[in-house]
Amino acid sequence: MQKLFWFIILLIGLNSCVVVREYDKVYVNDEEMQLSARPCERFETNFHIYREASAGANGGKTGGGCGCN
Amino acid sequence: MMAGMGWSQQSNTSYKRRVLEASEVDLLFSYYNQDGQNAAVTGGEGTEELTDATSSIVLRMPMNEDDILTVDVGLSAYTSASSSNVNPLDGGVDVSPFDASSGESRKDVLAYINPTYEHSSDDRNTIWSANGYFSSEYDYVSIGFGGSFTKLFNEKNTEITLSGRVFLDKWNSQYPIELRNGFFDDRITGNGTYQPIFSEFENENRNSYSLSLSFSQILTPKLQGALFMDVVSQNGLLSTPFQRVYFSDFEDFFIDEFQLADNVEQLPESRFKLPVGGRLNYYLNDLVILRSYYRFYWDDWGVQSHTASLEAPIKLTDKFTLFPTYRYYTQTAADYFYPKEEALSTFEFYTSDYDLSDYDAHQYGMGVQYKDIFTSARVLSFGLKTINLRFSQYDRSDGLNAFIVTLGTTFVGN
């Protein structure tokens, strides 16, 4: 798992100097390529926060609400 | 002078593209249902039955060329065994932890509002935002605020966001009925006298502070990824006041089949959480896109978890997309977790909440999206842009099962 993690970091590092021009962004600008969760995923994220001991690192809510039911 | 005025007028008419061209409205609805046999309200044994219906409206309005105001409001109405078995005596004739009481305590409504104001710089490379949050339910009020700062550079190939949020929450503690002052019931059975070691919580505040850092990078014309890290600190009343605990060194007392609490859970007044995650999305071809996510989580209560998910949107036509999803989750137990009647009364901290136990979970889902970029279907002055319908089944290794159905629509104003 650790090797995979460092491989991804290395991959990002190696590629970060590559600049993709605006006219080449047709694929990364596709709605399905968004790096945030879908709006309709918010309710699933809510129940994960309630039912699981961990939360966060997904651009979502990280606190507030008792989550006790 | 006339020439100067002419120049001034001409420069004022230069076109600047709006960050958001028109108002958008999201109407979201979800129905959630769960069941299991390890309810925390009845000390780790009892029904976890719960249903929740939530409706939200998210309104995004362009305030000018650079600014957007988003207002997110919602209502969540739930019926749960957790709530009902705070007082299992207010419902039916027979009292059991495996039946939800039919009394009024079984249901509640959570209402919330979450406004956000966002400003983008002229070159669209700098974005800041400020947000607020307020939610209220019968036994809990949450007030939050925060802000974020985003910088794009490297020809918008790289994006870094730093954000912070604060939640100042307050409990209106509801304790199990048998632990409240003045409780008496002549149906109590057991050896000796029922003497729990309960005392009410003095501090009912719960504060949460989070600092988040995200870094996203376009890696190739078809591949982009992001890394996220949150640092979260919580303090105050982190126990849930109505969650019962039964000790192994105490006699058992009952009303019918319902065992009376020895105490409520006792958890530390601080918690430090450190989740680190990443997303990697790949445009495989015009038919399929791969969306992956992984998160590692650690906290100082002894919980470590791994979350991995994969979604593969399949573009059936220009308008219809299917998105099958799979999510795997595993966590270790908190240091303070004990199954029913395994904790000793001499311990400082204990809980029988199976959400803090050792388990893994599988979630399978399928969604379908209809998208009409021309917004030809209209409601008043708004055009229908997308409809999303999504179903997910969640199975936990401790026996808790749940499903959720979500319907989302987006309308665009003219």
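Fair warning: this is a prediction, and the values are worked out from it, not measured in the lab.

Caption draft 1: The overall build of chain B, seen in detail. The helix and strand tally for chain B stands at two helices and 22 strands. Each principal axis of the C-alpha distribution contributes one length, and for chain B these read about 100 × 50 × 40 Å. Expressed as a percentage of its 414 residues, the buried residues of chain B come to 38%. Nonlocal contacts in chain B, meaning residues at least 24 apart in sequence, comprise 62% of its contacts between residues at least 6 apart.

Caption draft 2: Highlighting the pairing of strand S7 (residues 158–171) of chain B. Residue and element names in this part refer to chain B. For strand S6 (residues 140–153) and S7, the ladder comprises 14 bridges, and the chain directions are antiparallel. Bridge pairing links Ser142 to Asp169 in S7. The antiparallel hairpin formed by S6 and S7 contains four residues in its connecting segment, where Asn154 sits at a positive phi of about 60°. Sheet analysis places S7 next to strand S8 (residues 205–220), joined by 13 bridges and oriented antiparallel. Paired with Ile160 across the two strands is Phe215, which belongs to S8.

Caption draft 3: Expanded view of the interface of chain A and chain B. Between chain A and chain B, the contact holds 36 residues from the first and 67 residues from the second. For the side of chain A that touches chain B, the elements supplying multiple residues, two or more each, are helix H1 (2–15) and helix H2 (42–51) of chain A. Broken down by element, the residue count for the side of chain A that touches chain B peaks at four residues, all from H2 of chain A. Considering only residue class, the side of chain A that touches chain B consists of 18 nonpolar, 11 polar and seven charged.

Caption draft 4: A look at the environment of Gly365 of chain B. Residue and element names in this part refer to chain B. Relative to the elements of secondary structure, Gly365 occurs in strand S19 (residues 359–371). A tally of 21 C-beta atoms within 10 Å means that Gly365 is categorised as buried. Through-space distance from the C-alpha of Gly365 to that of Ile160 is 31 Å; in sequence the pair is 205 residues apart. Setting aside chain neighbours within four positions, we find Gly365 in contact with Thr325, Arg390, Phe391 and Ser392.

Criteria and cut-off values
Each chain carries its own residue numbering, running from 1 in the written order of its sequence. Throughout, the order in which chains and ligands are written sets their labels, letters from A for the former and numbers from 1 for the latter. The predicted nature of this model means local features are confined to residues of pLDDT at least 70 and side-chain atom pairs, given and counted, to a pLDDT of 80 or more, with totals for whole chains, interfaces and linings taken over all residues. The secondary structure listing takes helices from DSSP runs of H or I that are at least 4 residues long and strands from runs of E that are at least 2 residues long, numbered from the N terminus. Three classes are used. A residue is buried when 20 or more other C-beta atoms lie within 10 Å of its own, exposed when 12 or fewer do, and partly exposed in between, with C-beta atoms placed from the backbone. Contacts are defined on C-beta atoms placed from the backbone: any two residues whose C-beta positions lie within 7 Å are in contact. Any two strands with at least two DSSP bridges between them are considered paired. By the convention adopted, Pro, Cys, Tyr, Trp, Phe, Met, Ile, Leu, Val and Ala count as nonpolar, Lys, Arg, Asp and Glu as charged, and the other residues, Gly among them, as polar.

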